[in-house]
Amino acid sequence: MLTSKYPILDNLEIPELMFNSWQETVNLMAEVFSVPAALIMRVHAKDLEVFLASNNKDNVYQQGTKSPLDIGHYCETVMSTRNELLVPNALKDPKWDKNPHIAFGMISYYGLPLTWPYGEIFGTICILDNKENAHCQQYRQILKRFQQSVLYGLETTYQKHHYAKEANIANEKLNIMLQALKQSPNAIAITDAKLNVIYTNRGFEKLSTHSDNESSDRILGKLLKNQISNLTEEDIQRELLANNYWEGEIQTLDKNNHQHWEHVQISSILDNSGNPDNYLLIRENITKQKTHEDKLRQLALFDQLTGLPNRRLIIHRLNQLIDDAKENGQKVAVTFLDLDDFKKINDSMGHESGDELIVNVAGRINAILRTNDTLGRFGGDEFIILMGYLDDMSSIQQLMVRIKDLFSKGFQIRNRNFLISASMGIAIYPDDGDTPSLLIRSADTAMYHSKKSGRGTYTFHTKSMNQIAEHQVKLEEQLNKALELCELKVFYQPQVDIASGKIIGFEALARWHNSELGEVPPNEFIPLAEQTDLIVQIGQFVLDQALMQLSIWQKTHDQSLKMAVNFSPRQFYDPSLFTTIQTALAKHKLSTNSLEIEITEGLLMSKNSCVFDTLISLRKCNIMITMDDFGTGYSSLSYLNRYPFNMIKIDRGFIKNVTTDTQSQHLVSSIITMAHGIGYKVTAEGVENVDQLNILSRFQCDYAQGYYFGVSSSAKDIYQKYLCAADKLQFNTL
């Protein structure tokens, strides 16, 4: 007999029912953790076996595969130390960079030990990934719950083996066995050949109303009397007749009318002729295990904050509704709901308040749904409502009106009242899609149409929305390649000193010409870039190009020319931005006061300390800071007092009507006076004619830019229009 370096119980078989349950466990692990391999490993005397492997397609491990010990397996460390092991990236870890799993592409590992009840090693439960993965604390806790479920199964197997052995010698040593049974903590009964109870131990009496004076009762009738399962006596007897053994789980009621689960085994005790003479029945209360499994299911299928179905369960239920609708010829409605400006609450009140609002919203919406409707949380501030068995649209429209009404009443969070709205999009099966993914995507598209239409409303999906969505996908696809293909250019628009008429600098503006889409307006591609990290790369490109051009113009024309560059909030979230700007200025040998940085109120609303620190650093080294689009935000005045600006830019919306609208004139005049009063310069955007310019001059506005002085143009055109002759740097502003 082979000896093993580990204490093992190699002779114990895992029952098929438990084996299948463990298979579901590793499948669920692979799905929950989104990894290619979830395994249960079993150690033998000289090798290590893949006992169970998740059945996802990308799993490189096959069930039953064995490999020798002592070749550097992750699992051997787990078994020898009997502790968890986390290897985020073996390629970066000298201790693990030569382990055999790297050959399969598995560079990340997290595993936990599995032991029999008395300490013998069974193996490990583990997950492996083909990319670096540190497995956050929450995921590690989830895996430990999976481990506990398997450990419980090992304990059950061990106990079953023990009692099976006792049952085998029962015919010869019945008196000894009865003494052991009496003291056993498990619920055990013995019946005659007709399944009438002739003996029960104390554990059995605790689980049921049986006692010795009830020995004439048929055991199956008692066992199934208060069941919630669907078993019948005939089912069990048929199995006993065929195999001399029956095993299963029964959900039943105890003597106190409490629901619980039992695992039941019934074995035939054969006479000398091989016929059943008695039956041994073992019952085990597995309510704790089932409760544990329910908790794991809750983690896998329900949102932990709200208790609502999560994305996985929503898609499952939507599939069911679609199948029913196909049979019944009815419709299914999918509503995608997104809270408007939810980020502002998180930023201003903290994530705890945001979470409280999410729970509040979920509770209110759930309260007005029909019994068979489903509300799920899709992620963040996004919800999905499923409505099935529909013959017309009236129920949907009534629900949308009721949801709008409940949002109009506001929400009280931590003694503060919040008015928040929701944008909703509705997709209908089969009109807008015949699969969950198509319907959810169509509802999402319709929801974004609601946002663009003013928010706080609902929109039904239309075919034209698909065209818009396809255009957006095409736009994003092409934008990802724009820098690489040199499709992005920097254009420049002159900025003029109103008093002297002299060009004092230029604003750098990104322009994009795509071979497939043609000229793409900035108001299309800039917001798209801001949704991703592309805006950071584009911003760096614009900064470098603009400063390079400014350096040329300063050397050849006017040393005092300045360059204004727009910066996105995403760029400011990079703590190295200040260094990046300093490096760019040094690269092109420009003084810091040659650069003007334009930001919008959206950046300041984040209240990110990194933003404030960067602005202070920029200001200290004499880089000018300008608030762009002044007057369009919620609290621009408070920002002027809080942040280190040099200049404000009056939004073109105020300048547009300044020659005809008295109110606009008063507003523009007041802004200029206020800004000068606190030491800021003022630039007016969107100046298109001399009348506007004259009014701004009368109000003592400092600078102006707009079509009156020239559209944004390439560096070559700027040179020809304004720089090739000295007098072209001058405008007549009188």
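Shown above is the structure to which this text applies.
So, a few notes on the structure that sits alongside this text. (Residues numbered from 1 in each chain as written. Predicted model: local features only at pLDDT ≥ 70, side-chain atom pairs only at ≥ 80, totals over all residues. Heavy atoms only, no water.)

## Quick look at the overall build of the protein
From N to C terminus, the protein includes 25 helices and 27 strands. Taken over the C-alpha atoms alone, the protein extends approximately 120 × 65 × 50 Å along its principal axes. Sorting the 734 residues of the protein into buried and exposed places 49% on the buried side. By element, 49% of the accessible surface of the protein is carried by carbon and sulfur atoms, the whole surface being about 35,900 Å². Considering the protein, the positive charge centre built from 72 side chains and the negative charge centre built from 87 side chains are found 4 Å apart. (Helix = DSSP H or I, 4+ residues; strand = E, 2+ residues; numbered from the N terminus. Buried < 20%, exposed > 50% of the residue type's maximum accessible area, 1.4 Å probe, protein only. Areas by Shrake-Rupley, 256 points an atom, 1.4 Å probe, with all protein chains shown as cover. Lys, Arg positive; Asp, Glu negative; His and termini not counted. Charge placed at Lys NZ, Arg CZ, Asp CG, Glu CD.)

## Here we look at the side chain of Gln478
Relative to the elements of secondary structure, Gln478 occurs in helix α14 (residues 463-482). A relative accessible area of 3% means that Gln478 is categorised as buried.

## Thoughts on the packing of helix α9 (residues 311-328) against helix α13 (residues 436-452)
It is the contact of α9 with α13, at a shortest axis distance of 10 Å, that shows an interaxial angle of 105 degrees. Judged by the angle between their axes, α9 and α13 are roughly perpendicular. Residue-level inspection shows Ile315, Leu318, Asn319 and Ile322 of α9 in contact with α13, the latter providing Pro436, Leu439 and Ile440. Of the residues in the contact of α9 with α13, the class split is 6 nonpolar, 1 polar and no charged. (Axes fitted to C-alpha atoms, helices over the stretch in contact; angles between N-to-C directions. Parallel < 35°, antiparallel > 145°, perpendicular 65-115°, else oblique. Contact = heavy atoms within 4.5 Å. Nonpolar A, V, L, I, M, F, W, Y, C, P; charged D, E, K, R; others polar.)

## Comments concerning the sheet that holds strand β7 (residues 187-192)
Pairing in this open sheet of 5 strands is antiparallel, and the strands run β8-β7-β11-β10-β9 from one edge to the other. The strands lining the two open edges of the sheet, one partner per strand, are β8 (197-200) and β9 (245-253). Along the sheet, successive strands turn relative to each other by an average axial angle of 25 degrees, direction set aside. Both β9 and strand β10 (residues 259-270) contribute to a ladder of 9 bridges, which runs antiparallel. Note on β10: the bridge partner recorded for Trp246 is Ile266. Helix α7 (residues 233-243) rests against β9, β10 and β11 (276-285) of the sheet, and its axis sits at about 160 degrees to β9. (Pairing = 2+ DSSP bridges.)

## Examining the sheet that holds strand β5 (residues 108-115)
Strands sit in the order β3-β2-β1-β6-β5-β4 across an open sheet of 6 strands; the sheet is antiparallel. Each edge of the open sheet is held by one strand with a lone partner, namely β3 (66-68) and β4 (85-87). Strand-to-strand twist of the sheet, defined as the mean angle between neighbouring strand axes without regard to direction, takes the value 25 degrees. Seen against the sheet, helix α1 (residues 16-33) touches β1 (37-43), β2 (47-53) and β6 (121-129) and runs at an angle of roughly 80 degrees to β2. Packed on one face of the sheet, helix α2 (residues 74-81) meets β1, β2, β4, β5 and β6 and runs near 140 degrees to β6.

## A look at helix α15 (residues 522-530)
All of the buried residues in α15 are Phe525, Leu528 and Ala529. End-on, the buried residues of α15 take up no more than an arc of 100 degrees, which puts them together on one face. (Arc of directions from axis to C-beta.)

## Here's the deal with α9
In this model, α9 (18 residues) spans 25 Å end to end at C-alpha, consistent with the 26 Å of a helix rising 1.5 Å per residue. Burial in α9 covers these residues: Leu313, Ile314, Leu318, Leu321, Ile322 and Ala325. Its buried side turned inward, α9 meets α8 (287-301), β12 (331-339), β13 (374-379), β14 (382-390), β17 (422-429) and α13. (Expected span 1.5 Å × (residues − 1).)

## Some points on the packing of aromatic side chains
Applying the stated criterion across every chain yields a total of 19 aromatic pairs. When the centroid spacing of 6.4 Å and the interplanar angle of 65 degrees are considered together, the rings of Trp22 and Phe51 count as edge-to-face. Of the two residues, Trp22 is situated in helix α1 and Phe51 in strand β2; the sequence distance between them amounts to 29 residues. Relative accessible area serves as the criterion here: at 3%, Trp22 is assigned to the buried category. Summarising the aromatic geometry, the rings of Tyr61 and Phe104 are spaced 5.4 Å apart at their centres and angled 35 degrees between planes, so their arrangement reads as tilted. Taken as a pair, Tyr61 in the loop between β2 and β3 and Phe104 in the loop between β4 and β5 lie far apart in primary sequence, 43 residues in all. (Phe/Tyr/Trp six-rings, centres within 6.5 Å; stacked < 30°, edge-to-face > 60°.)

## What to know about the nonpolar core
Membership of the largest hydrophobic core comes to 77 residues, with the highest contact counts inside it found for Tyr492, Phe506, Phe572, Ile581, Ile597 and Ile599. With 9 residues, the single largest contributor to this core is helix α16 (residues 534-556). One finds Ile14, Trp22, Leu52 and Leu301 within the second-largest nonpolar core, a separate group that totals 34 residues. (Core = buried A, V, L, I, M, F, W, Y, C linked by side-chain atoms within 4.5 Å.)

## What to know about the state of the cysteines
Counted by the stated rule, this structure contains 0 disulfides. For the unlinked cysteine Cys126, the closest cysteine sulfur is that of Cys75, found at 4.2 Å. Accessibility expressed as a relative area gives 0% for Cys126, which makes it buried. (Disulfide = S-S within 2.5 Å.)

## Structural notes on the layout of surface pockets
Gaps between atoms show up when a probe of the same size as a water molecule is rolled over them. Looking at the second largest pocket, its volume works out to about 640 Å³. Ser21, Glu24, Thr25, Lys290 and Glu293 are, among the 28 residues lining the second largest pocket, the residues nearest its centre. The set of elements that each furnish at least two residues to the lining of the second largest pocket consists of α1, α3 (137-168), β9 and α8. Of the residues contributing to the lining of the second largest pocket, the split by class is 10 nonpolar, 9 polar and 9 charged. (1 Å grid on protein atoms, 1.4 Å probe; cavity = no way out; pocket = protein on both sides within 12 Å on 5 of 7 lines; lining within 4 Å. Points joined across faces, edges and corners; volume = space filled by probe spheres on them.)

## Observations regarding the pairing of β5
The element β5 is extensively covered by neighbouring structure, given that 7 of its 8 residues are classed as buried. Pairing of β4 with β5 involves 3 bridges; the strand directions are antiparallel. Bridge pairing links Val87 to Tyr109 in β5. The sheet contact formed by β5 and β6 spans 8 bridges and is antiparallel. When the bridges of β6 are listed, Ser108 appears paired with Asp129.

## As for the pattern of salt bridges
Tallied over the entire structure, the rule returns 23 salt bridges. Lys451 is the partner of Asp338 in a salt bridge, and the nearest nitrogen-oxygen pair spans 2.8 Å. Of the two residues, Asp338 is situated in strand β12 and Lys451 in helix α13; the sequence distance between them amounts to 113 residues. What makes Asp338 buried here is its relative accessible area of 7%. (Salt bridge = Lys/Arg side-chain N within 4 Å of Asp/Glu carboxyl O.)

## Some words on empty space enclosed by the protein
According to the stated counting rule, one finds 2 cavities of 30 Å³ or more in the structure shown. Roughly 70 Å³ of volume is contained in the largest cavity. Taken together, Val536, Gly539, Gln540, Leu543, Phe567, Gln571, Asp574, Leu577 and Thr580 make up the lining of the largest cavity. At the level of secondary structure, the elements contributing two or more residues to the lining of the largest cavity comprise α16 and α18 (577-587). In terms of residue class, the lining of the largest cavity is made up of 4 nonpolar, 4 polar and 1 charged. Estimated volume of the second largest cavity: approximately 40 Å³. Around the second largest cavity sit Thr156, Gln159, Lys160, Tyr163, Asn186, Gln265, Ile282 and Glu284, which together line it. Tallied by class, the residues present in the lining of the second largest cavity amount to 2 nonpolar, 4 polar and 2 charged.

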